[in-house]
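# Overview (structure and organization)
Given next are the chains, with one letter for each unit.
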Amino acid sequence: AFLLNRSSDLLVIAPAMDLDMYAHPSTQQNLKTLQSYGNHVIEPGTGFLASKLEGKGRMEEPENIVACLEQFFSQQESLRGKKVLITAGPTYEKIDPVRFIGNYSSGKMGFALANECANRGAQVELVCGTVSSSMQVNYPNIHRINVESAQEMFEACKELFPSMDSAILCAAVADFAPEKVAEQKIKRTGDEMVIRLKPNPDIAASLGQMKKQGQTLVGFALETNDEESNAQAKLKKKNFDFIVLNSLKDEGAGFRTDTNKITIITADNKKDYPLKSKEEVAKDIIDELERL
Ligand code: CTP
């Protein structure tokens, strides 16, 4: 079932097919490609199929398709007129002309958040580190600013934040950068090599200090241990309104995955969410932002 909204060229797809075909990697890949162009997929239902196989592939019930569309169109307007700053991806800190210190962040969570905010009508400023060229934004109301280092990300955010309603800091910012960047490629000498690092600015903490009444600041915490207490401490220290916690102990959460498992922590509350696609997680986070 295809539905075309001509005013914004929106395409919503409600696929229906046999289990083997739906589960086939090429079908799944094609659906992902369609979604990456900004189209929307209403997932099929689960149950008996025409072939007598049982599983996912039944076209979603028409009433549910209508409910999804109603929800979609009501959300489209929900952030109209709002400006949201989002940081995404890793920062690269130069060592010499060919080397850098980086991290495994893909930028997928930040891009999903940018698409979700844009889908709800917000004007999005997406400040993003070096990500794969396959990472694209699909909405005209997303303005993308590419940066490389934490310092560059900091400069861009400092300038933009005063005119924003909200900022969501999803980037994996390097905490340190080489004190000196070698002008020429560093040669192997056979000796051990020491690189002295200087601290980078804490973008989140600076925006937390700049925050004015009516502005909302959302942070992330990717932790490996003492997850909740570390996240609580960051919430306070950086003056976030809420923090999204990922634990590397949870399979499918964090860097280099298409899924995430989060806990949203506010000063007086905490809510755990199940493992979901990063697009679905973005919806939960933006729902929480809207509630605030
Ligand atoms: N962050 C930031 N600027 C930095 C470091 C972090 O804006 N220089 C933001 C991240 O985007 C994230 C939040 O702060 O939203 C927490 O990041 P994290 O790296 O977990 O925090 P750190 O303060 O660097 O703590 P840690 O010592 O655990 O690395």
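The coordinates are above.
My aim in this report is to walk through the structure given alongside it, one point at a time. (Residues numbered from 1 in each chain as written. Predicted model: local features only at pLDDT ≥ 70, side-chain atom pairs only at ≥ 80, totals over all residues. Heavy atoms only, no water.)

In this section: the overall build of the protein chain. The helix and strand inventory of the protein chain stands at eight helices and 19 strands. Relative to the 2.2 N^0.38 estimate, which gives 19 Å for 292 residues, the radius of gyration of the protein chain is 21 Å and therefore close to what a compact globule would have. Along the first, second and third principal axes, the C-alpha set of the protein chain runs to 70 × 50 × 40 Å. Sorting the 292 residues of the protein chain into buried and exposed places 45% on the buried side. Taking the contacts inside the protein chain whose residues are at least 6 apart along the sequence as the reference set, 60% of them involve residues at least 24 apart. Accessible surface, the protein chain: about 16,200 Å² in total, of which carbon and sulfur atoms supply 51%. Between the centroid of the 35 positive side chains of the protein chain and the centroid of its 41 negative side chains there is a distance of 4 Å. (Helix = DSSP H or I, 4+ residues; strand = E, 2+ residues; numbered from the N terminus. Rg over C-alpha atoms; globule rule 2.2 N^0.38 Å. Buried < 20%, exposed > 50% of the residue type's maximum accessible area, 1.4 Å probe, protein only. Contact = heavy atoms within 4.5 Å. Areas by Shrake-Rupley, 256 points an atom, 1.4 Å probe, with all protein chains shown as cover. Lys, Arg positive; Asp, Glu negative; His and termini not counted. Charge placed at Lys NZ, Arg CZ, Asp CG, Glu CD.)

This next bit is on the sheet that holds strand E10 (residues 142-146). The strand order E10-E9-E6-E11-E14-E15-E17-E18 describes an open sheet built from eight strands, whose pairing is mixed. Of all strands in the sheet, those bounded by a partner on one side alone are E10 and strand E18 (269-272). Strand-to-strand twist in this sheet, taken as the mean axis angle between neighbours without regard to direction, amounts to 15°. Relative to strand E17 (residues 262-266), strand E15 (residues 242-247) is paired through four bridges, and the arrangement is antiparallel. In the strand pairing of E17, Ile243 is matched with Ile265. (Pairing = 2+ DSSP bridges. Axes fitted to C-alpha atoms, helices over the stretch in contact; angles between N-to-C directions.)

Among the secondary structure elements, Asp268 is positioned in the loop between E17 and E18. Separated by 36 residues in the primary sequence, Asp268 and Gln232 place their C-alpha atoms 9.9 Å from one another.

Our next topic: the packing of aromatic side chains. Taken as a whole, this structure holds one aromatic pair when the rule is applied. Here the aromatic rings of Tyr92 and Phe100 are separated by 3.8 Å at their centres, their planes lie at 10°, and the arrangement is stacked. (Phe/Tyr/Trp six-rings, centres within 6.5 Å; stacked < 30°, edge-to-face > 60°.)

It is worth spelling out the packing of helix H4 (residues 108-119) against helix H8 (residues 278-291) at this point. Orientation of H4 relative to H8, taken along the N-to-C sense of each, is 55°, at an axis distance of 8 Å. Here H4 lies oblique to H8, going by the angle between them. Once H4 is placed against H8, the crossing between them reads as right-handed. Of H8, the residues touching H4 (which contributes Lys108, Met109, Ala112, Leu113, Glu116 and Cys117) are Lys278, Glu279, Val281, Ala282, Lys283, Ile285 and Ile286. By residue class, the composition of the contact of H4 with H8 is eight nonpolar, no polar and five charged. (Parallel < 35°, antiparallel > 145°, perpendicular 65-115°, else oblique. Left-handed = near helix turned anticlockwise from the far one by under 90°. Nonpolar A, V, L, I, M, F, W, Y, C, P; charged D, E, K, R; others polar.)

Lining the immediate environment of the ligand, one finds Leu169, Ala171, Val173, Asp175, Pro201, Asp202, Ile203, Ala204, Gly219, Phe220, Lys234 and Lys238. Take Ala171: an N or O atom from its main chain is 2.7 Å from an oxygen atom of the ligand. Summarising the interface, the protein chains cover 76% of the accessible area of the ligand, which totals 570 Å² for the free molecule. Put simply, the parts of the chain that give the shell around the ligand at least two residues each are helix H6 (203-210) and strand E14 (216-223). The class makeup of the residues in the shell around the ligand is seven nonpolar, one polar and four charged. (Near = heavy atom within 4 Å. Polar contact = N/O pair within 3.5 Å; in protein donor to acceptor, adjacent residues only side chain to side chain.)

Along any regular strand the residues' side chains alternate between the sheet's two faces. Pairing of strand E7 (residues 93-96) with strand E8 (residues 99-101), which is carried by three bridges, proceeds in the antiparallel orientation. Along E8, the bridge assignment pairs Asp96 with Arg99. Hairpin connection from E7 to E8: two residues lie between these consecutive antiparallel strands.

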